[in-house]
Amino acid sequence: MIALRSVSKAASKRLSSTAIRTFAAASDEPLVKTALYDYHVEIGGDMVPFAGYELPVLYKGENGGVMKEHLWCREEGKASLFDVSHMGQVSLSP
């Protein structure tokens, strides 16, 4: 059996961003931390709850900010890393 947890595009269009944030944060279960959590915090990630995970929404400091992050990965010889470990969950059982 393979199970994936996601929100369909049609469902997300019907929900406002406020409703999605509320839905994502409205759980009594502790938030899951990705393998890159400590690194995100170390480099100034502003961590927020999303879909049961604690994820960076942006980075603080002189090199942070949405526009600086956007431009950084478009400069020659540079790259960015997007932590996708929260996006797909596969459960295999016999």
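Residues numbered from 1 in each chain as written. Predicted model: local features only at pLDDT ≥ 70, side-chain atom pairs only at ≥ 80, totals over all residues. Heavy atoms only, no water.

Draft legend 1. Focus on the overall build of the chain. In terms of regular secondary structure, the chain is built from four helices and three strands. Along the chain direction, N to C, the helices and strands of the chain fall in the order α-α-β-α-β-β-α. Across the 94 residues that make up the chain, the buried fraction comes to 17%. Sequence separation of 24 or more characterises 40% of the internal contacts of the chain that already satisfy a separation of 6 or more. (Helix = DSSP H or I, 4+ residues; strand = E, 2+ residues; numbered from the N terminus. Buried < 20%, exposed > 50% of the residue type's maximum accessible area, 1.4 Å probe, protein only. Contact = heavy atoms within 4.5 Å.)

Draft legend 2. The arrangement of the side chain of Thr34 in detail. In this structure, Thr34 sits in the loop between strand E1 (32-33) and helix H3 (37-42). Assessed through its relative accessible area of 8%, Thr34 is described here as buried.

Draft legend 3. Expanded view of the confidence of the model for the chain. Scored by pLDDT, the chain comes out at a mean of 74, with 70% of its residues at no less than 70. Confidence over residues 17-25 falls short of pLDDT 50; this stretch has nine contacts with residues more than four positions distant or in other chains. (pLDDT = per-residue confidence, 0-100.)

Draft legend 4. Fine view of the sheet that holds strand E2 (residues 45-50). With mixed pairing, the three strands of this open sheet are ordered in space as E1-E3-E2. A strand with exactly one partner marks an edge of an open sheet, and here the two such strands are E1 and E2. Pairing of E2 with strand E3 (residues 53-59) involves five bridges; the strand directions are antiparallel. Across the sheet, Pro49 pairs through a bridge with Glu54, a residue of E3. (Pairing = 2+ DSSP bridges.)

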